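Secondary and tertiary structure notes
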Amino acid sequence: MPLNYMEHFLLQTEDIEATKDWYVKVLGFRVGPSPDFKFPVYWLYLGDRDVLHITTGGKNVSDNRKKYVGQQSDASAGTGVIDHIGFRTTGLHEMIDHLKKNNIEFKERQVDDQGLYQLFLFDPNGVKIELNFANSEVQGRKAELSAKDLTPATH
């Protein structure tokens, strides 16, 4: 169940378009493919890897986002806008056993169009951690919520 690499940060903002444009223009990110979470999101890439995810934050967060990812902060400025840190990993069942053994609460999610099975948990400081596993590791588990089951987003 080793963590393989830091995967991404999710940044929440009140102006998703301006934020996306800034990262593209100023730092050279490019907009790339992202799953249909049924809430506004951009995945920004460096090379072939998505490393920054941007979504609506503050007080105007969609119900779908709250349902799927949650929201720990209404911040839309400062370091409170980082919603979670994502890691790519392997060993889904071992990790679940490990978390249970250590009394760590977690939520299970699934993103079928990206082939991801996700665990969301919190560190001792309240920072949300996302662990991403390949769907091929699921073997009989069913996530509490799948992105495909959310209601389509309205803008």
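Everything below is about the structure printed above this text.
The residue numbering used here restarts from 1 in each chain and proceeds along that chain's sequence as written. Totals for whole chains, interfaces and linings use every residue, but because this is a predicted model, local features are given only for residues with pLDDT of at least 70 and side-chain atom pairs only at 80 or more, for both listing and counting. Side-chain figures throughout are based on the complete set of non-hydrogen atoms in the structure, without hydrogens or water.

1. Brief notes about the nonpolar core
Nonpolar cores are built from buried Ala, Val, Leu, Ile, Met, Phe, Trp, Tyr and Cys residues. Side-chain atoms within 4.5 Å join them into one set. Any residue under 20% of the maximum accessible area for its type is buried, any over 50% is exposed, and the rest in between are partly exposed; the area is computed with a 1.4 Å probe on protein chains only. Grouped together as the largest cluster of nonpolar side chains are 15 residues, with contacts concentrated most on Tyr117, Leu119, Leu121, Leu131 and Phe133. Broken down by element, this core gets its largest block of residues, 4 residues, from helix H3 (residues 92-101). Two residues qualify as a contact provided that any one of their heavy atoms is within 4.5 Å of a heavy atom in the partner residue. Sequence-distant contacts of phenylalanine 133, that is, excluding residues within four places in its chain, are made with Thr89, Thr90, Gly91, Leu92, Met95, Gly115, Leu116, Tyr117 and Leu119. Secondary structure elements follow DSSP: runs of H or I of four or more residues count as helices, runs of E of two or more count as strands, with numbering from the N terminus.

2. Some thoughts on the layout of surface pockets
Using only the protein atoms, space was sampled on a 1 Å grid; points where a 1.4 Å probe fits but cannot get out form cavities, open sets with protein on both sides within 12 Å along at least five of seven lines form pockets, and lining residues are those with an atom within 4 Å of a point. Grid points are joined across faces, edges and corners, and a volume is the space filled by probe spheres set on the points. Here the largest pocket defines a volume of roughly 230 Å³. What lines the largest pocket is a set of 22 residues, among which His8, Phe37, Trp43, His53 and Glu130 lie closest to the centre. Listed by contribution, the elements that provide at least two residues to the lining of the largest pocket are strand E1 (3-13), strand E3 (41-46), strand E4 (49-56), strand E5 (82-89), strand E7 (116-122) and strand E8 (128-134). Gly counts as polar in this scheme, as do all residues outside two lists: the nonpolar Ala, Val, Leu, Ile, Met, Phe, Trp, Tyr, Cys and Pro, and the charged Asp, Glu, Lys and Arg. Residue composition of the lining of the largest pocket, grouped by class: 12 nonpolar, 6 polar and 4 charged.

3. Let's talk about the packing of aromatic side chains
One pair of aromatic rings is described through two measures. These are the centre distance and the angle between the planes. Centres within 6.5 Å make a pair out of two Phe, Tyr or Trp rings, where for Trp the six-membered ring is used; the pair is then stacked when the planes are under 30 degrees apart, edge-to-face when over 60, and tilted otherwise. Here the structure, examined in full by the defined rule, presents 3 aromatic pairs. Ring centres of tryptophan 22 and tyrosine 23 lie 4.9 Å apart, and the angle between their planes is 80 degrees; on these two criteria the pair is classed as edge-to-face. Ring centres of tyrosine 23 and phenylalanine 29 lie 5.6 Å apart, and the angle between their planes is 85 degrees; this geometry places the pair in the edge-to-face category. Linked through ring pairs, Trp22, Tyr23 and Phe29 together constitute an aromatic cluster. To sit over a ring, a charge needs its Lys NZ or Arg CZ within 6 Å of the ring centre and within 35 degrees of the ring normal. The aromatic ring of tyrosine 42 is capped on one face by lysine 20, whose charged end is 5.0 Å from the ring centroid. A cation over a ring is seen here: arginine 49 above tyrosine 5, with NZ or CZ 3.9 Å from the ring centre.

4. Digging into the pattern of salt bridges
Salt bridge, as used here, is a side-chain nitrogen of Lys or Arg placed within 4 Å of a carboxyl oxygen of Asp or Glu. Applying the stated criterion across every chain, the model contains 7 salt bridges. Note that glutamate 7 is salt-bridged to arginine 88, the shortest N-O span being 2.7 Å. Here arginine 88 lies in strand E5 and glutamate 7 lies in strand E1, a separation of 81 residues in the sequence. Taking the relative accessible area as the measure of exposure, arginine 88 reaches 24% and is therefore partly exposed. Aspartate 36 is the salt-bridge partner of lysine 38, the closest N and O atoms lying 3.8 Å from each other. Using a relative accessible area of 13% as the deciding quantity, one classes lysine 38 as buried. Through salt bridges with shared partners, a single ionic network connects Glu17, Lys20 and Asp21.

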